[in-house]
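A structural walkthrough
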Amino acid sequence: MKIITIEEEAWQQLNSRINAIADYLKKQEDKSYDDLWLNNHEVCQYLHLSEKTLWRMRTKGEIAYSKIYGQYFYTIGAIKDMLNANAIQSSEKFVEELIAKGKSYIEKGRKLKTDKK
């Protein structure tokens, strides 16, 4: 086993660069779930909202959605945008929980399109 010594300042610079790379990769990973679609019930459940509140947000234009055969769908990206715009007071915990739930749906068989055309 070889022991390599470096100055403390060099170590701190190296460590900060490694952390910056890790943060960048984490952000890149999270964006892959921004295109995942959730239905009305899922959004209400994860954001702890009633369907009436979500309806009000749709009618006021506070959240982007799509309507297919009478059912509403929202992307995680649209929900994150709404949360970041302070339409709802939120914490990073809610966003992380939403992403974790989205990942669990993918693991259960829902497909996520990663290629954009």
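Residues numbered from 1 in each chain as written. Predicted model: local features only at pLDDT ≥ 70, side-chain atom pairs only at ≥ 80, totals over all residues. Heavy atoms only, no water.

The chain goes by DNA-binding protein in an unreviewed UniProt entry, where it is assigned to Empedobacter tilapiae.

Remarks on the nonpolar core
In this structure, Leu-54 and Ile-79 are the most contacted members of the largest nonpolar core, which totals 20 residues. Only α2 (40–47), α3 (51–59), β3 (71–75), α4 (76–84) and α5 (92–107) provide two or more residues apiece to this core. Not counting residues within four places of it along the chain, the set of residues in contact with Ile-79 comprises Leu-38, Val-43, Leu-47, Ile-63, Tyr-74 and Leu-98. (Core = buried A, V, L, I, M, F, W, Y, C linked by side-chain atoms within 4.5 Å. Buried < 20%, exposed > 50% of the residue type's maximum accessible area, 1.4 Å probe, protein only. Helix = DSSP H or I, 4+ residues; strand = E, 2+ residues; numbered from the N terminus. Contact = heavy atoms within 4.5 Å.)

Quick look at the packing of α4 against α5
At a minimum axis distance of 11 Å, the contact between α4 and α5 shows a crossing angle of 175°. Of the possible angle classes, the one that applies to α4 and α5 is roughly antiparallel. Counted together, Ile-76, Ile-79, Lys-80 and Leu-83 of α4 and Val-95, Leu-98, Ile-99 and Gly-102 of α5 form the full contact between these two elements. Among the residues forming the contact of α4 with α5, the class breakdown is six nonpolar, one polar and one charged. (Axes fitted to C-alpha atoms, helices over the stretch in contact; angles between N-to-C directions. Parallel < 35°, antiparallel > 145°, perpendicular 65-115°, else oblique. Nonpolar A, V, L, I, M, F, W, Y, C, P; charged D, E, K, R; others polar.)

Brief notes about α2
Of all eight residues making up α2, six are buried, and the element is well covered by its neighbours. Taken as a whole, α2 has its buried residues at Asn-40, Glu-42, Val-43, Cys-44, Tyr-46 and Leu-47. Sitting at the amino-terminal end of α2 is Asn-39, which places a side-chain oxygen 3.1 Å from the backbone nitrogen of His-41. Phi for His-48, located one or two positions after α2, is positive at around 60°. (Polar contact = N/O pair within 3.5 Å; in protein donor to acceptor, adjacent residues only side chain to side chain.)

Observations concerning α4
Of all nine residues in α4, seven are buried; the element is thus mostly enclosed. Within α4, the full set of buried residues consists of Ile-76, Gly-77, Ala-78, Ile-79, Lys-80, Met-82 and Leu-83.

Quick notes on unusual backbone geometry
Trans peptide bonds make up the majority, and among non-glycine residues the majority have a negative phi. The phi dihedral of His-48 is positive, around 60°, even though this residue is not glycine. Unusually for a residue other than glycine, Tyr-69 sits at a positive phi of about 50°. With respect to the element layout, Tyr-69 can be found in the loop between β2 (66–68) and β3. Judged by its relative accessible area of 84%, Tyr-69 falls in the exposed class.

Some thoughts on the packing of aromatic side chains
This model, assessed by the stated rule, comprises two aromatic pairs. Plain terms: the ring middles of Tyr-65 and Tyr-72 are 5.5 Å apart, the flat faces sit at 65° to each other, and that makes the pair edge-to-face. Note on Tyr-65: relative accessible area 38%, which makes it partly exposed. We classify Tyr-72 as buried; its relative accessible area is 19%. Judged by centre distance (6.5 Å) and plane angle (50°), the ring pair of Tyr-65 and Tyr-74 falls under tilted. We classify Tyr-74 as buried; its relative accessible area is 0%. Here the guanidinium or amino end of Arg-58 rests over the ring plane of Tyr-65, the centre of that ring lying 5.8 Å away. For the cation-ring pair, Arg-58 lies above Tyr-72, with the distance from its terminal atom to the ring centre recorded as 3.6 Å. (Phe/Tyr/Trp six-rings, centres within 6.5 Å; stacked < 30°, edge-to-face > 60°. Lys NZ or Arg CZ within 6 Å of the ring centre and 35° of its normal.)

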